[in-house]
Amino acid sequence: MYGVWTVEQIRTAEDRLLAVTPDGALIRRAAFGVATHALALLRERTGGVAGRRVVLLVGSGNNGGDALWAGYYLRKRSVAVTALLLRADRAHPEGLAALRRAGGRTVEVPAEGADAEALVSGADLVVDGIVGLSAHGSLRGAAPALVAAVRAPVLAVDLPSGVDPDTGAVEGDAVRASVTVTFGGRKPVHVLGRGPARCGEVRLVDLGLDLPEPELRVLEAADVGRRWRMPGPDDDKYTQGVTGIAAGSSTYPGAAVLACGSAVRATSGMVRYAGWAADEVRSRWPEVVATGSVEDAGRVQAWVVGPGLGTGQAGRDVLAAVFDDGVPTCVDADGISLLAKYPELWDRRDPDAAVVLTPHDREFARLGEPLGVELGPDRVAAARALAARTNSVVLLKGNATVVADQDGRVLVNPARSSWLATAGSGDVLTGLVGSLLAAGEDPLFAAACASWVHVRAGELAADGAPISAADVLGTIPAAVREAVLAAGRRPPLHRPEGATALCDDEPRHG
Ligand SMILES: NC(=O)C1=CN([C@@H]2O[C@H](COP(=O)(O)OP(=O)(O)OC[C@H]3O[C@@H](n4cnc5c(N)ncnc54)[C@H](O)[C@@H]3O)[C@@H](O)[C@H]2O)[C@@H](O)CC1
Ligand SMILES: [K+]
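Along each chain, numbering runs from 1 in the same order as the chain's sequence is written. Think of it this way: whatever chain is written first is A, whatever ligand is written first is 1, and the rest follow in order. Local features in this predicted model are restricted to residues of pLDDT 70 or higher, and side-chain atom pairs are both shown and tallied only at a pLDDT of 80 or more, whereas totals for entire chains, interfaces and linings draw on every residue.

**Some remarks on the overall build of the protein chain**
We count it as follows: A run of DSSP states H or I qualifies as a helix once it reaches four residues; a run of E qualifies as a strand once it reaches two. Both are numbered from the N-terminal end. Only the C-alpha atoms count toward the radius of gyration. The rule for a globule is 2.2 Å times the residue count to the power 0.38. Whether a residue is buried, exposed or partly exposed follows from its count of other C-beta atoms within 10 Å of its own C-beta, namely 20 or more, 12 or fewer, or something in between, respectively; the C-beta atoms are built from the backbone. In this description, a residue-residue contact is defined by the distance between C-beta atoms placed from the backbone, which must lie within 7 Å.
Looking only at helices and strands, the protein chain features 17 helices and 18 strands. Relative to the compact-globule value of 24 Å for 510 residues, the protein chain shows a C-alpha radius of gyration of 26 Å, a close match. Once the C-alpha set of the protein chain is aligned to its principal axes, its extents read approximately 80 × 60 × 45 Å. The buried share among the 510 residues of the protein chain stands at 54%. A fraction of 71% describes how many contacts in the protein chain between residues 6 or more apart in sequence connect residues 24 or more apart.

**Some remarks on the domain arrangement of the protein chain**
Size of an interface: often given as the accessible area lost when the parts come together. For the record, the criterion: Domains are outlined according to an automatic or database domain assignment. Side-chain classes follow a simple rule in which Ala, Val, Leu, Ile, Met, Phe, Trp, Tyr, Cys and Pro form the nonpolar group, Asp, Glu, Lys and Arg form the charged group, and the remainder, Gly included, forms the polar group.
Per the domain assignment, the segments of the protein chain are domain 1 (2-218) and domain 2 (221-226 + 238-486). For domain 1 and domain 2, the distance between their C-alpha centroids amounts to 40 Å. Among the elements that take part in the side of domain 1 that touches domain 2, strand E9 (residues 216-218) stands out by supplying 3 residues, more than any other. Looking at side-chain class alone, the side of domain 1 that touches domain 2 contains 7 nonpolar, 2 polar and 2 charged residues.

**Examining the packing of helix H15 (residues 425-438) against helix H16 (residues 443-462)**
Applied cut-off: Note on geometry: axes are C-alpha line fits, over the in-contact stretch for helices, and angles between N-to-C directions span 0 to 180 degrees. For classification purposes, an angle smaller than 35 degrees is called roughly parallel, one larger than 145 roughly antiparallel, one from 65 to 115 roughly perpendicular, and anything else oblique. A crossing counts as left-handed when the near helix is turned anticlockwise from the far one by less than a right angle, and as right-handed when that turn is clockwise.
For the pair H15 and H16, the least separation of the axes is 8 Å and the interaxial angle reads 140°. The orientation of H15 with respect to H16, classified from their angle, is oblique. Between H15 and H16 lies a crossing whose hand is right-handed. Contact residues: H15 offers Val428, Leu429, Leu432, Val433, Leu436 and Leu437, while H16 offers Pro443, Ala446, Ala447, Cys449, Ala450, Ser451, Val453 and His454.

**Digging into the site of ligand 1**
Our working definition: Only the C-beta atom matters for this test: placed from the backbone, it must lie within 6 Å of a molecule or strand for the residue to be near it.
The local shell around ligand 1 holds 25 residues, among which Gly61, Asn62, Asn63, Gly132 and Ser134 are the closest. Among the elements that take part in the shell around ligand 1, helix H3 (residues 62-76) stands out by supplying 4 residues, more than any other.

**Focus on the sheet that holds strand E3 (residues 80-85)**
Selection rule: Strands are labelled as partners when DSSP assigns at least two bridges between them.
Ordered by their spatial adjacency, 7 strands build an open sheet running E4-E3-E2-E5-E6-E7-E8, and the pairing between neighbours is parallel. Two strands close off the open sheet at either side, each with one partner strand: strand E4 (105-108) and strand E8 (201-205). In this sheet, adjacent strand axes meet at a mean angle of 20° when their direction is disregarded. Alignment of strand E2 (residues 53-58) against strand E5 (residues 125-129), held across 5 bridges, turns out to be parallel. The residue of E5 that forms the bridge with Leu57 is Asp128. Strands in contact with H3 are E2, E3, E5 and strand E6 (154-157); relative to E2, the strand with the most contacts, it is inclined by about 160°.

**Considering helix H9 (residues 253-266)**
What counts, and what does not: Between the first and last residue of a helix there are one fewer steps than residues, each counted as 1.5 Å, and that sum is the expected span.
For H9, with 14 residues, the first-to-last C-alpha span of 20 Å sits near the 20 Å given by 1.5 Å per residue. Of all the 14 residues making up H9, 14 are buried; the element is thus mostly covered by neighbouring parts of the structure.

**Observations concerning the packing of helix H11 (residues 313-325) against helix H12 (residues 334-341)**
Running from N to C, H11 and H12 cross one another at 95°; their axes reach a closest spacing of 10 Å. In terms of their interaxial angle, H11 and H12 are classed as roughly perpendicular. Facing H11, whose interface residues are Gly315, Arg316 and Leu319, H12 presents Asp334, Gly335 and Leu338. The residue makeup of the contact of H11 with H12, split by class, is 2 nonpolar, 2 polar and 2 charged.

**Re helix H2 (residues 25-46)**
Taking 1.5 Å of rise per residue, the 22 residues of H2 would be expected to cover 32 Å, and the 31 Å separating its terminal C-alpha atoms lies within 8% of that figure. Along H2, the residues that are buried comprise Leu26, Ile27, Ala30, Ala31, Gly33, Val34, Ala35, His37, Ala38, Leu39, Leu41 and Leu42. Backbone geometry just after H2 places Gly47 at a positive phi near 80°.

**Remarks on the confidence of the model for the protein chain**
For the record, the criterion: Values of pLDDT, which run from 0 to 100, indicate the predictor's confidence residue by residue.
In this model, the protein chain carries an average pLDDT of 94, and 96% of its residues clear a pLDDT of 70 or more. Segment residues 499-510 is flagged for pLDDT under 50; beyond a separation of four residues in sequence, or across chains, it makes 13 contacts in the model. In the predicted assembly, ipTM is 0.98 and pTM is 0.91.

**Points about the pairing of strand E10 (residues 243-246)**
What counts is decided by this rule: Think of it like this: strands point away, you trace from the first strand over the helix to the second, and a clockwise trace means the crossover is right-handed.
The two faces of E10 match: Thr243 and Ile245 on one face and Gly244 and Ala246 on the other face are all buried. Note that E10 and strand E11 (residues 271-274) share 3 bridges and pair parallel. Within E11, the residue paired with Thr243 across the bridge is Val271. In terms of handedness, the path from E10 via H9 over to E11 forms a crossover that is right-handed.

**Let's talk about the sheet that holds strand E18 (residues 410-414)**
Taken together, the 11 strands give an open sheet; going across it, the order is E1-E9-E18-E17-E16-E15-E14-E13-E10-E11-E12, and neighbouring strands pair in mixed fashion. Edge positions in the open sheet fall to strand E1 (2-4) and strand E12 (289-291), since each of these has one partner strand only. Averaged over all adjacent pairs, the angle separating strand axes in this sheet is 20°, with direction ignored. Examined bridge by bridge, E1 and E9 share 3 bridges and lie antiparallel to one another. Bridge pairing in E9 links Tyr2 to Val218. Contacting E10, strand E13 (302-305) and strand E14 (329-332), H11 crosses the sheet at an angle of about 165° to E13.

**Observations concerning the pairing of strand E15 (residues 355-358)**
Here E15 shows no split at all, with Val355 and Leu357 on one side and Val356 and Thr358 on the other all buried. Of the strand pairs in this sheet, E14 and E15 are connected by 4 bridges, and their pairing is parallel. Along E15, the bridge assignment pairs Thr329 with Val355. What joins E14 to E15 is H12, and the crossover it makes is right-handed. Relative to strand E16 (residues 393-396), E15 runs parallel, the two being bridged by 2 bridges.

**Focus: the nonpolar core**
Convention followed: The term nonpolar core refers to a group of buried residues, namely Ala, Val, Leu, Ile, Met, Phe, Trp, Tyr and Cys, whose C-beta atoms join them within 7 Å.
Ala38, Leu84, Val127 and Cys260 are the most contacted members of the largest nonpolar core, which totals 174 residues. By residue number, the principal contributor to this core is H16, which donates 12 residues. Looking at which domains feed residues into this core, each of domain 1 (2-218) and domain 2 (221-226 + 238-486) supplies at least three. Among residues more than four places away in sequence, those in contact with Val127 are Val34, Ala38, Val54, Leu56, Leu57, Ala67, Ala70, Leu155 and Val157.

Shown next as structure tokens:
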């Protein structure tokens, strides 16, 4: 798990450190880190560094100062450095002097006697020091044309210019980097919105900042693997948590089949189905105990309700019956629309039983609007507000998934590809959330671990080509296995000490 700090948190910590460090020491520390990563990139892409052409795009603040100082360090390694000054009158004076002293070339933009765009397109590496933490809005002035002329990999200083530091939003022209070198701690731009796609690989340079509790956290494979419920020698199908799925209809049986399948694949606990698609579920997943109604379903430790349920009276009755059961519940899709349409359903909910809501943007708006919660560009704030207002965990789907709980804790799962944007994908996610809730997981982590496995299973299934939601079901065990192994956990085979451990569903020989 790693932390993500807001721009304000980082600035406060930087100011405290600046007050007790010699003038310019911090910026040189940051710039040295940039230069180190730039050298590695050059070596990787061109096989060397001496004589390679690096162009610095330099804006008016300390971000440009970082780039200029990095240029100074690159000159020490005989790199040919040209700084394009977008605001020559406001370029960082010490950085500029240092680069010139070391033999770097500086060109004012618009360039006199030099074609700035040609310089950019002839570079082996471009360093983006246009704007950093003080950025507002998209690229402007000469910057868009220069950025469009780039042919080489871009190393972004702190963040890709043009991307909003606190939300990752991109509203116009913005840099697309191969590598982003950031300082002190990761910021929201590195994990939210369009940020991850624009940042490329994010590398962190330690500045020795004394940081508070992070605003957001990101789960990694090992965090998910540490929490995943694995059967022990005393477990049976009931003790691992029974997941109930109330989804699908005669019109939409697929939602039921997918949600059941994902719960079946995610844990070895039992799965019950209640609804109008019992025949379809049984024929696809014989291990599911399928009945026609929630009342007949038998005991479950958590419910999934909503996908394919419809938004009429019949769906309303199903949601009411699920709430009456008083167990942790994941409400998705039509379930969310039902809550928006029949707000009195909230009264049926046991306030002590966790609810996880998994809306996409339109469902969020439908539910949030009457409650006075708007979905603006700050998706973290929106998810937090809806979680507090509904006393629930809110998993807001999107390019980055934001999971917030009623206490203000937030976990983010940045997307690494977009293959999961396919029909039925949400049903798979819901089944995962339900199975983790049934296993007794903390609802915030149930939602976030489900999202991690969902994204990873999608990546494994896609492997560079389009996939169906059913394909994602197939790779859930591989994603779980990856997480469990990353956590260094022994798969549950109960083999004698010293024997090679295999996961249960790996082929065994001999
Ligand atoms: N505070 C510190 O000691 C440290 C700061 N560091 C660097 O300093 C950066 C922050 O520097 P600054 O606060 O000076 O500000 P920036 O360099 O981020 O921005 C400078 C100015 O650019 C202008 N600007 C805003 N949006 C723009 C846009 N879209 N296009 C063009 N210009 C725009 C604004 O007038 C802004 O004040 C960090 O991102 C980091 O790179 C690092 O050197 C680490 C240490
Ligand atoms: K930048």
